[in-house]
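Each chain, written out:
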Amino acid sequence: YWEIWNEPDIDTSKPGFHRSKSPMWTGTEEEYFRLFEITANHLNKCFPHLKIGGPALCSNLEWADRFLAYTSKRGIEFDFFSYHRYFSKMEKAIRTTNRVKALLDKYGYSNAEMILNEWNYISNWTGEFVHSIEVIKSYKGAAYTAAVMSNFQDSPVHMMMYYDARPCGMNGLFHTDTLEPLKGYYAIKSFSDLYDLGKAAEVTASENIYGIAATNGSESAILLTHFNDDDSTPEETVRVEIKDIPRERPLRAEFYLLDNDHDMKLVREETFNSGEFAAYLD
C-alpha cells in the first residue's frame, strides 16, 4: 500500500490556525488534485502490483466530494481511499463512514478499499484535548477502543489503524517511559485472541453494549464492552444474543474482567450444561 500525501484537506487559512503546527499540504486544492493524478498514474503504470491510494482525508467531506469528482472525471484509478476520524460518539463515526462509502459509490469507486488509518478518542481538539489524552490512557479509553473495533466489524471499512502506538500522547497501549501495558493494550490483545479462533459469530446487544465473538468449533470467546461518552452506567438488565456458538454440550466458561482494578484477570469460572448455557447466552 502506497498512500499519496497526508491530510491535504486541512484548511490552513482558517482563523487561529497556526501553519507551523500542522503544515500538511500548503499548496492549493487544485495543486494537490494534480499531484495525486500525476503520482497515481505514474505508479500504476510502473508498479501495477502495488496498491496506490489516498488521500488520508482529515475530515472535510465536501473536499472529498470535489476530489473524487476530479479523479472520476479524469479517469484516475486508485485501489484504496484512506481517511481519518477522531470522535467520542460512536454514531458520528458510523455516519462519517457511511458518507465516505456513499461518495465512493457515487463516483464509481465502489470496489476501492476503505481504510480508516487514523482513529482514536477525541472529545475536541481545543478545550478538551488534555482531557481526551487522559481518557485515551484510561480504562474508559480501553472500553472505547474495544467498542470501536466491535462496532466496525459490519461496516464498509476494510482496515483500521489505531493512532497511535508510538511513544506519544495518543498512545493508549503502553506507558511511554516504562513500556508497561496500559488498559488499552488489553482491548487490542482480546481482539487478537478472537481473531486467532478463526470464525466470527454474530452478536447483538443492548444500547451502548458492544460485542464480538468467535469460535473454532471447540473453543469460543466473547468480548463485551460498555461505552458511553457521558459515563452513564448500563441498565441493570443487559440483553446479549449470540449466534453460531456451539451449545450442544456442557461448556466450561471463564470470565475475564478489564476495569480500573483488573487487567483482563480471571474472576470467575463456571460449567454449564447445554440447556443452561444456551439460556445464559440468551
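What counts and what doesn't
Numbers given to residues run from 1 along each chain, matching the order in which its sequence is written. Side-chain atom pairs in this predicted model are given and counted only at pLDDT of 80 or more, local residue features only at pLDDT of at least 70, and totals for whole chains, interfaces and linings cover all residues. The side-chain quantities take in all heavy atoms of the structure and omit both hydrogens and water. Salt-bridge detection follows one rule: a side-chain nitrogen of Lys or Arg within 4 Å of a carboxyl oxygen of Asp or Glu. The helix count covers DSSP runs of H or I at least four residues long, the strand count covers runs of E at least two residues long, and both are numbered beginning at the N terminus. Partly exposed residues are those whose accessible area sits between 20% and 50% of the maximum for their type, while under 20% is buried and over 50% is exposed, using a 1.4 Å probe and protein chains only. Pairing between strands requires that DSSP locate at least two bridges from one strand to the other. Should any heavy atoms of two residues lie within 4.5 Å, those residues are counted as being in contact. All axes are obtained by fitting lines to C-alpha atoms, using only the stretch in contact for helices, and the reported angles, taken between N-to-C directions, cover 0 to 180 degrees. Angle categories: roughly parallel below 35 degrees, roughly antiparallel above 145, roughly perpendicular from 65 to 115, and oblique for all the rest. Two helices cross in a left-handed way if the nearer one is turned anticlockwise from the farther one by less than a right angle. They cross in a right-handed way if the turn is clockwise. Under the scheme applied, nonpolar residues are Ala, Val, Leu, Ile, Met, Phe, Trp, Tyr, Cys and Pro; charged residues are Asp, Glu, Lys and Arg; polar residues are all the others, including Gly. To form a nonpolar core, buried Ala, Val, Leu, Ile, Met, Phe, Trp, Tyr and Cys residues must be joined to one another through side-chain atoms within 4.5 Å. Centres within 6.5 Å make a pair out of two Phe, Tyr or Trp rings, where for Trp the six-membered ring is used; the pair is then stacked when the planes are under 30 degrees apart, edge-to-face when over 60, and tilted otherwise. Defined by distance alone, a disulfide is two cysteine sulfur atoms within 2.5 Å.

Before going further, it helps to examine the pattern of salt bridges. On inspection of all chains with the given rule, the structure shows 16 salt bridges. One salt bridge in this structure joins Lys183 and Asp263, with 2.6 Å as the shortest N-O distance. With Lys183 in helix H6 (residues 183–197) and Asp263 in strand E12 (residues 263–272), this pair connects stretches of sequence that are 80 residues apart. A relative accessible area of 15% places Lys183 in the buried class. Residue class for Asp263 comes out partly exposed when judged on its relative accessible area of 30%.

Moving on to the sheet that holds strand E5 (residues 159–162). Strand order across the open sheet formed by five strands is E1-E2-E3-E4-E5, with parallel pairing between neighbours. Each of the sheet's edge strands pairs with one partner strand only, and the pair in question is strand E1 (2–3) and E5. Sheet topology places strand E2 (residues 52–57) next to strand E3 (residues 80–87); four bridges connect them, and they run parallel. In the sheet register, Leu57 faces E3, and the bridge partner there is Tyr83.

Before going further, it helps to examine the environment of Ile133. You can see Ile133 is positioned in helix H4 (residues 129–136). Classification of Ile133 as buried rests on a relative accessible area of 16%. Considering only alpha carbons, one finds Ile133 and Gly172, 39 residues apart in sequence, at a separation of 8.5 Å. Apart from the residues within four sequence positions on either side, Ile133 is in contact with Gly169 and Met170.

Another aspect to go through is the sheet that holds strand E8 (residues 209–215). Strands sit in the order E6-E8-E9 across an open sheet of three strands; the sheet is antiparallel. Edge positions in the sheet fall to strand E6 (199–201) and strand E9 (220–226), since each of these pairs with one other strand and no more. This sheet shows a mean twist of 25° between the axes of neighbouring strands, independent of strand direction. Across seven bridges, E8 lies against E9 in antiparallel orientation. Pairing of Ile212 across the sheet is with Leu223, part of E9. Sheet strands in contact with H6 are E6, E8 and E9, and its direction is about 150° off that of E9.

With that settled, consider the packing of helix H5 (residues 139–151) against H6. Packing of H5 against H6 leaves a shortest axis separation of 7 Å and a crossing angle of 25°. By the angle class used here, H5 and H6 are roughly parallel. Relative to H6, H5 is oriented so that their crossing is right-handed. Across the interface between the two elements, Tyr139, Ala142, Thr145, Ala146 and Met149 of H5 pack against Lys183, Gly184, Ala187, Ile188 and Phe191 of H6. Looking at side-chain class alone, the contact of H5 with H6 contains seven nonpolar, two polar and one charged residues.

All right, on to the nonpolar core then. One finds Leu68 and Phe81 to be the most contacted residues of the largest nonpolar core, which totals 48 residues. Residues in contact with Leu68, not counting those within four places in the same chain, are Phe78, Phe81, Leu103, Leu104, Tyr107 and Tyr109. Ala146, Leu194, Leu197 and Ala214 belong to the second largest nonpolar core, which has seven residues in total.

This next bit is on the packing of aromatic side chains. Tallying each qualifying case throughout the model produces 23 aromatic pairs. Here the aromatic rings of Trp119 and Tyr144 are separated by 6.2 Å at their centres, their planes lie at 50°, and the arrangement is tilted. Residue Trp119 is found in strand E4 (residues 113–121), and its partner Tyr144 is found in helix H5; the two are separated by 25 residues along the sequence. When sorted by exposure, Trp119 lands in the same class as Tyr144, which is buried. Cluster of aromatic residues (ring-pair linked, three or more members): Trp5, Trp25, Tyr32, Phe33, Phe36, Trp63, Phe67, Tyr70, Phe78 and Tyr109.

This part covers the environment of Asn111. Inspection of the secondary structure puts Asn111 in the loop between helix H3 (90–106) and E4. For the pair Asn111 and Phe80, spaced 31 residues apart in sequence, the C-alpha separation works out to 8.5 Å.

Turning to the packing of helix H2 (residues 61–73) against H3, a few remarks are in order. Two packed helices can be described by the angle between their axes and the distance between those axes. The contact between H2 and H3 brings their axes to 10 Å, and the two run at 15°. Of the possible angle classes, the one that applies to H2 and H3 is roughly parallel. Helix-helix and strand crossings are classified by hand; for H2 and H3 the assignment is right-handed. Taking contact as the criterion, the partners of Leu61, Glu62, Ala64, Asp65 and Leu68 in H2 are, on H3, Arg99, Val100, Leu103, Leu104 and Lys106. Its residues placed into classes, the contact of H2 with H3 shows six nonpolar, no polar and four charged.

Another point: the state of the cysteines. Under the definition given, this model contains zero disulfides. The cysteine Cys168 is free of any disulfide, with Cys58 supplying the nearest cysteine sulfur at 16 Å.

Geometry only, nothing functional implied.
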